[in-house]
Structures are given as C-alpha cells and as structure tokens.
Amino acid sequence: MPLLRSATLFVGVETWEPVHIASRSFELLSRLEKAFADAGLSPWTWRIVLPPTPPELDTERVELLAELFTKTLDRNTLVHILSIECDSKLLDKLVDVLERYPNMYATVRCHSEECIPRLVRAIFMKNSEPTTFTRLSITLGPWIQTPYFPSTTNVGQCDGIAVAFRYVDLFEEAFSSRNADILLNYVNNIAAKLREVEKEGGVSVLGADYSLSPWMEESVAALLESLIEARLPAPGMYAAVRGVNTVIKELASSAGLKPMGFNEVMLPVAEDNVLKERVAAGELRVHHLIALSAVCVAGLDMVIVKREPSTIAKILRDMLSIQEIKSRSLGVRLIPVEDSPGSWIELGRFGKVPVSYT
C-alpha cells in the first residue's frame, strides 16, 4: 500500500539563536501535524530542515540546538540540523555531534577534489557507530532542497512543507498494467489534501520529490529485475532505470505538486532487501552503483564499505567526476567499518546490511 514517505517542514531562520529556532520549529510542526490529521494524511516520518549553516555558528550553539530539539520534539521526528561547507570549522566535530544526538542529520558540501582528503580524515576515519554515518551525507554540486535526507537543505530559507512517497507497489502496478494514471491519481489525491493543509496550517506547500525509493521488501531492485528479466547487475539495467526515470519525470510534470529535489530512481543498499542480497553475494559491487549514478540514479546511498582511506577517496573522486559531467547535484552516503566485504553489519532500524565489495 502506498504511503507518504515523509512530510518535511522547511524552517526559515532569521537569527541563529537556538531557543528561538527550536520553539518556532515546534510551533510550526504542531500546527502542521493537526492540519495533516484533519486532512486524513498520516506521514510515515515527520522531518525538519534548516537553511545552510552560517560559517560563524560554533559547536556550542549547535549542541544547544540539538539538545533543545531532542527535548522538545517527538523522538520519531528527524531534524536536519547542519548543512556545512567542507572548509567549515564544524567539520571536525560533526560526527561526534551526530553520535550524541541520534535524531539529528547533516550534510557536507564538496565542490572540488581539494575537499576530499579533509572529508576522508574528518569523517570517514572516525571510529564511530555505523548507524551514525546513516545520518550524514556528502552533497556534490550545488545545494539541493528535497524532503529526502540527508542531502538536503532549506535553499529558499523560508517556511514551507514538502512530501515524498513510498509507492514502489504503484510503480509495479503501473508497469504491469501499462497504466501510469494509477500514479497520477494517487499523487493528485495527496495534492488535494495538501491544499487543505496549506489553508489550515498556514504554511505553503513547496512541492514533492517524486523519486522512487525502496523500503526493505518494497524493493526498487526487484522492479528493475522484473523489467530486464535478470538479476542485477545485467545488460539492460541502465535502460530500465532510465525507463523508470521517464515515468517519474512525466508524473512530476503532470501531477498537482511542484517537483523539487532529485526526482530520480534511488538505490540505497541498506533500504532494499534485494540490493542487500546482490551485494552480499558479490554480484552488485560499488563500481556498478557508481556507474548507475553516472546514468540515472540520484547518488551512491547507504553503502557500507571497509574503512580504507585510499578506496573511499577514489569513490568520492569518481562521484565528484560524475556530478561534474551530469551537472546535477548528487548525494553520497558511505558507512565505513572495519569488517571485510561480504560481512553483515547490524545497522539499527535497517537491520543487517552487508559490507560491499568494491
């Protein structure tokens, strides 16, 4: 059954005073939660996103803000607290902050190869819990505004609400019946209810990210394999992803919600049971996922790799090169561990996830 994957509140910030930001976010979120309930909408997750972090913000204020959010909000509400540049003074403390506050998310923007050695040292060589790295991404290219975490930020720096969907089953039905109206009808029904939310909640609806993303047995990889009639990776997979992306783009252009964010197929390994199986078997490797990003996937996501600085640096350089060729923002979420490829790692709510072969 399709779900609203997330309802994401983008909060505008006039002054980076932690008490003001936290109290205002809570007030806006409370209004929206009531408006969503009154409209008959039940998001799977609620999320809050702040604007790009000002360079003068110090670690003390960041931790106070994280503490206030943790005390004020429901523990199921996810908060994107930091969007920093790779030369930020906050970079060295970033992983430590996220480890202390398990509902906080962050991204670091990398725009040149000069960033990569610092990112490897300050982030990927940190011996932290693997789950901490599920809440941290590298954003390659310009900042992007999307309800998907963690490669997002409030680019517009104003209040607004946006949504994303869990609707793999609707895509399966649309492809099997050759009837894309199934998708359009679903989204337009959501759009009509969001107009009610906008009136009652007093917060503008910014739009939707129409990306197709999995959740465990709701497998995007299984959909792709059904289209090519083979196990991934196999000839035809790039065309299959491109075909799904075409449907996504047509939906985004005709549905009643403005498209924002990535609007592409997403293949987060830790969130797709079929991807987990293919990675564990050594069939689908990191270089296959990198290649898919070059053609039609939104980034390299939720991939566990062995903590080898040279390998991680090469992955980041490849992804940066792809971003420059593609001329679109990409997200990278790598989870470094000491274990060898093929091993299974316990990853909190994502269950057991295999370490990828490169």
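Residues numbered from 1 in each chain as written. Predicted model: local features only at pLDDT ≥ 70, side-chain atom pairs only at ≥ 80, totals over all residues. Heavy atoms only, no water.

1. Brief notes about the overall build of the chain
Step number 1: The helix and strand inventory of the chain stands at 12 helices and 11 strands.
Step number 2: Taking 2.2 N^0.38 as the reference for a compact globule, 358 residues should give roughly 21 Å; the C-alpha atoms of the chain span a radius of gyration of 19 Å, in line with that estimate.
Step number 3: Along the first, second and third principal axes, the C-alpha atoms of the chain reach 55 × 50 × 35 Å.
Step number 4: The buried share among the 358 residues of the chain stands at 59%. (Helix = DSSP H or I, 4+ residues; strand = E, 2+ residues; numbered from the N terminus. Rg over C-alpha atoms; globule rule 2.2 N^0.38 Å. Buried < 20%, exposed > 50% of the residue type's maximum accessible area, 1.4 Å probe, protein only.)

2. Re the nonpolar core
Inside soluble globular proteins, nonpolar side chains tend to come together where they are buried.
Step number 1: Formed by 127 residues in total, the largest nonpolar core has its most connected members in Phe 36, Leu 50, Val 108, Ile 123, Phe 165, Tyr 167 and Tyr 210.
Step number 2: Looking at this core element by element, the count peaks at nine residues for helix H7 (residues 181-201).
Step number 3: The next biggest cluster of nonpolar side chains, apart from the first, holds seven residues, and it includes Leu 78, Phe 149, Ala 162 and Met 260. (Core = buried A, V, L, I, M, F, W, Y, C linked by side-chain atoms within 4.5 Å.)

3. Remarks on empty space enclosed by the protein
Step number 1: Within the structure shown, the criterion is met by two cavities of 30 Å³ or more.
Step number 2: Taken as a whole, the largest cavity spans an internal volume of roughly 350 Å³.
Step number 3: Forming the boundary of the largest cavity are 30 residues, of which Tyr 148, Phe 149, Pro 150, Asp 301 and Arg 333 lie nearest the centre.
Step number 4: Counting residues per element, the ones that place at least two in the lining of the largest cavity are strand E2 (45-49), strand E8 (299-306) and strand E9 (330-337).
Step number 5: Tallied by class, the residues present in the lining of the largest cavity amount to 16 nonpolar, seven polar and seven charged.
Step number 6: There is about 30 Å³ of room inside the second largest cavity.
Step number 7: Lining of the second largest cavity is provided by Thr 59, Val 62, Leu 82, Leu 90, Lys 93, Leu 94 and Val 97.
Step number 8: Considering only residue class, the lining of the second largest cavity consists of five nonpolar, one polar and one charged. (1 Å grid on protein atoms, 1.4 Å probe; cavity = no way out; pocket = protein on both sides within 12 Å on 5 of 7 lines; lining within 4 Å. Points joined across faces, edges and corners; volume = space filled by probe spheres on them. Nonpolar A, V, L, I, M, F, W, Y, C, P; charged D, E, K, R; others polar.)

4. Let's talk about the sheet that holds strand E1 (residues 3-10)
Step number 1: In spatial order, the strands read E7-E6-E1-E2-E3-E4-E5-E9-E8; together these nine strands make up an open sheet with mixed pairing. Looking at strand neighbours, the two that pair on one side only are strand E7 (205-209) and E8, the edges of this open sheet. Here the average twist between neighbouring strands, direction ignored, is 25°.
Step number 2: Inspection of the sheet shows strand E4 (residues 104-110) paired to strand E5 (residues 136-140) by five bridges, in the parallel sense. Each bridged residue has a counterpart across the sheet, and for Cys 110 the counterpart in E5 is Leu 140.
Step number 3: Strand contacts of H7: E1, strand E6 (160-166) and E7, with the helix running at about 155° to E6, the strand carrying the most contacts. (Pairing = 2+ DSSP bridges. Axes fitted to C-alpha atoms, helices over the stretch in contact; angles between N-to-C directions. Contact = heavy atoms within 4.5 Å.)

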